Amino acid sequence: MTHSPLYRTRILLSLGGIFLALPVALQAQDYPHADEPIGTIEDVYDGRLTPDLAVSTFRNIDRLFPTRTIPASDTPGDMPEAPVDLPGMVSYQVDDTIYDLYDFLSLDNVTGMIVLKDGAVVYETYQRGNTPDTRWMSMSVAKSITSTLVGAAIVDGHIGGLDDLVSDHVPALAGSAYDRVSIRDILLMASGVEWNETYTDPTSDRRDLLRAQIEQRPGAAMEVMAALPRAHAPGTHHTYSTGETQVLGEVVHGAVGMPLSDYLAEKIWQPYGMEADATWWLDSPDGVEIGGSGLSATLRDFARFGQFFLEGGVIDGSAILPDGWTEAAGLPQELSDGETIDYGYMWWPGWTEPSIADGAFAAIGIQGQNIYINPARNVVIATHMAQPKPLSREPVDPLVVFDAIAAALD
């Protein structure tokens, strides 16, 4: 495991709420953004970041908490290139106005976008000083990666199936509102446990969980989750909850007996040929990964993850995920009382008419992080963005643009 230089040295210089980078000798020598100033984690969740500070913070999140490294593959997978004039091909309509790709890149503050068609790179752009070597925060894109590790653990026999109970793998939740909650309930964020996800509300459950993360004390996150009351019967009500993904991360950790980063490296990151190291926030030094956020990776490797999923979770002929997992994960799911929810296995089914028709779905993180998968058109799109507030205020709905790109490439 590796910690960020700021964490290792315990030296922190602050000026007006901005963390100043330490001398280069204490930073990662080969990372192009290592000496940039960054904001605090509270600045991120409160939405108190100027545009430039948002950019430098989002590409240096491994300096906010201790991390564990997910090593790159020794044999990076080939990403063939088949470039097209995508800006000249794509237009989309919002209300009565026609926009183009340049509008999207500017209005949504896109710092990187890559488009794969049939596994080849047809378009790739970097803005605001980002490069192919830039690692960028995932935020809730990490949820989709954590949920994928559940599928891998089922194939490996570490988890019996989606009916396994959470408390069988996370003893710290025995006797809590998570008793009798299944892994499937957690995947659908339908545990029935009460939760307030409001990022900018300092009194919300989400901020309680963040404070436990800031505390960096082993077990603090599960103490927050174990103290929550029950609001609904398990499996009957969907409430979006980052806490559910922290529980899911603990499930995977307990089931496989190794850190999530190591398991991700062993099952997907290295076998599929990711080209760069990634890092993942920990709940405490040498602790458990933050299941719902904090995974930092390059744009190309996020796209590779999307391509892995598009290909059915198969690597070199070996099924990493259960049969049908990638199809089910991106579809609306049914709760135990028969209600259908617009949520999959911690993936978002498409909500626009074209995406619904194509069966497209996405991993989505606040402030503009996306992995869009369109199985009907064999398209994967990954984005890094730098929106300053975690409030889903994109001027342009990214899915509208992604649908237009997929259609233009067909």
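The structure this text deals with has already been given above.
Residues numbered from 1 in each chain as written. Predicted model: local features only at pLDDT ≥ 70, side-chain atom pairs only at ≥ 80, totals over all residues. Heavy atoms only, no water.

Asker: Is there a simple way to explain the environment of Leu299 in this structure?
Answerer: Within the secondary structure, Leu299 is located in helix H13 (residues 299–310). Distance from Leu299 to Asn370, taken between C-alpha atoms, is 10.0 Å for residues 71 residues apart in sequence. Setting aside its immediate chain neighbours within four residues, Leu299 contacts Gly112, Met113, Ile114, Thr125, Tyr126, Thr134, Ala382, Thr383 and His384. (Helix = DSSP H or I, 4+ residues; strand = E, 2+ residues; numbered from the N terminus. Contact = heavy atoms within 4.5 Å.)

Asker: Hey, could you run me through the sheet that holds strand E15 (residues 348–349) in this one?
Answerer: Paired through their backbone hydrogen bonds, the strands of a sheet run either parallel or antiparallel. The strand order E7-E6-E18-E17-E16-E15 describes an open sheet built from 6 strands, whose pairing is antiparallel. The open sheet terminates on both sides in strands that have one partner only, identified here as strand E7 (120–126) and E15. Bridging between strand E16 (residues 361–365) and strand E17 (residues 369–374) involves 5 bridges; their strand directions are antiparallel. Within the sheet, the bridge partner assigned to Ala363 lies in E17 and is Ile371. Of the strands in this sheet, strand E6 (110–117), E7, E16, E17 and strand E18 (379–385) are in contact with H13, which crosses E18 at around 150°. (Pairing = 2+ DSSP bridges. Axes fitted to C-alpha atoms, helices over the stretch in contact; angles between N-to-C directions.)

Asker: In this structure, what is going on with helix H16 (residues 398–409)? I would like to understand it.
Answerer: For an α-helix, 3.6 residues make a turn, and residues three or four places apart therefore share a direction. Between its terminal C-alpha atoms H16 stretches 17 Å, which fits the 16 Å expected from 12 residues at 1.5 Å a residue. In terms of burial, H16 is largely enclosed, as 9 of its 12 residues are buried. Here H16 has its buried residues at Pro398, Leu399, Val401, Phe402, Asp403, Ala404, Ile405, Ala406 and Leu409. You can read the cap of H16 off the contacts: a side-chain oxygen lies 3.0 Å from the backbone nitrogen of Leu399, and it is on Asp397. (Expected span 1.5 Å × (residues − 1). Buried < 20%, exposed > 50% of the residue type's maximum accessible area, 1.4 Å probe, protein only. Polar contact = N/O pair within 3.5 Å; in protein donor to acceptor, adjacent residues only side chain to side chain.)

Asker: For this particular structure, what's the right way to read the nonpolar core?
Answerer: Soluble globular proteins tend to bury their nonpolar side chains together. If you look at the biggest cluster of nonpolar residues, it comprises 99 residues, and the most contacted ones within it are Leu295 and Trp325. Looking at this core, the element that brings in the most residues is helix H6 (residues 141–155), giving 8 residues. Excluding residues within four positions of it along the chain, Trp325 makes contact with Ser147, Thr148, Val150, Gly151, Ile154, Leu162, Leu187, Phe309 and Tyr345. Counting residues in hydrophobic clusters, the runner-up holds 24 residues, among them Val122, Tyr372, Ala404 and Ile405. (Core = buried A, V, L, I, M, F, W, Y, C linked by side-chain atoms within 4.5 Å.)

Asker: Just checking my understanding: could you explain empty space enclosed by the protein for this structure?
Answerer: The probe, sized like a water molecule, is rolled over the atoms to show the empty space still left. This model, assessed by the stated rule, comprises 3 cavities of 30 Å³ or more. Approximately 60 Å³ is the volume attributed to the largest cavity. Lining the largest cavity we find Arg206, Leu209, Ala212, Gln213, Ala221, Thr242, Gln246, Asp283 and Ile290. Looking at the lining of the largest cavity, the elements that each hand over two or more residues are helix H9 (205–215) and helix H11 (242–256). (1 Å grid on protein atoms, 1.4 Å probe; cavity = no way out; pocket = protein on both sides within 12 Å on 5 of 7 lines; lining within 4 Å. Points joined across faces, edges and corners; volume = space filled by probe spheres on them.)

Asker: When you look at the packing of aromatic side chains in this model, what are you seeing that I'm missing?
Answerer: By convention here, two paired aromatic rings are described through the distance between centres and the angle between planes. Taken as a whole and assessed by the stated rule, the structure comprises 17 aromatic pairs. One Lys or Arg, Arg135, reaches over the ring of Tyr31 and ends 4.1 Å from the middle of that ring. (Phe/Tyr/Trp six-rings, centres within 6.5 Å; stacked < 30°, edge-to-face > 60°. Lys NZ or Arg CZ within 6 Å of the ring centre and 35° of its normal.)

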